[in-house]
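What follows is each chain in one-letter form.
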Amino acid sequence: MMADKDKVTRQLKIARGQLDGILKMVEEDRYCVDISTQILATVAILKRTNQEILHAHIRGCVREGLHTDKPNEKLEEALSLLDKMVQ
């Protein structure tokens with residue numbers, strides 16, 4: 001992985017902590033809007049983390065793959081991920 005591992009790891013640990021907090025909120029029958037707000041915050045962190053990873057992939061693996069006349073497997077992988085993101 002070419003992304004900043006420390007940054008990605010930190011973001012994922014934050015998201016994991018938020019998920020633990022959300023589970024506790026559900027178990028405590030907390031207010032639905034508060035739970036939903038926390039879920040949206042967690043989703044936002046995961047989206048930013050995914051963006052960081054994909055940017056690094058495109059800047060590294062895909063860029064390297066463009067220096068050939070052969071079909072570009074890395075480019076197709078990146079495009080496939082982008083398709084999944086918009087579904």
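Residues numbered from 1 in each chain as written. Predicted model: local features only at pLDDT ≥ 70, side-chain atom pairs only at ≥ 80, totals over all residues. Heavy atoms only, no water.

Going by the annotation in an unreviewed UniProt entry, the name recorded for the protein is Copper-sensing transcriptional repressor CsoR, with Candidatus Aphodenecus pullistercoris given as the source organism. The record in UniProt for the protein states the following under Subcellular location (unreviewed entry): "Cytoplasm". Regarding the protein, the UniProt comment filed under Sequence similarities (unreviewed entry) reads as follows: "Belongs to the FrmR/RcnR family." (UniProt positions renumbered as here; feature names shortened; annotations may be inferred.)

K.L.:
Just checking my understanding: could you explain the side chain of Gln11 for this structure?
P.N.:
Note on placement: Gln11 falls in helix 1 (residues 5-27). Taking relative accessible area as the criterion, Gln11 reaches 15% and is therefore assigned buried. For Gln11, the residues in contact, after removing those within four places along its chain, are Ile45 and Thr49. (Helix = DSSP H or I, 4+ residues; strand = E, 2+ residues; numbered from the N terminus. Buried < 20%, exposed > 50% of the residue type's maximum accessible area, 1.4 Å probe, protein only. Contact = heavy atoms within 4.5 Å.)

K.L.:
For this particular structure, what's the right way to read the pattern of salt bridges?
P.N.:
Note that side chains of opposite charge can pair when their charged atoms are close. In total, this model carries 2 salt bridges according to the counting rule given. Linking Arg30 and Glu28 is a salt bridge whose minimum nitrogen-to-oxygen distance equals 3.8 Å. Owing to a relative accessible area of 41%, Arg30 belongs among the partly exposed residues under this scheme. Relative accessible area serves as the criterion here: at 42%, Glu28 is assigned to the partly exposed category. (Salt bridge = Lys/Arg side-chain N within 4 Å of Asp/Glu carboxyl O.)

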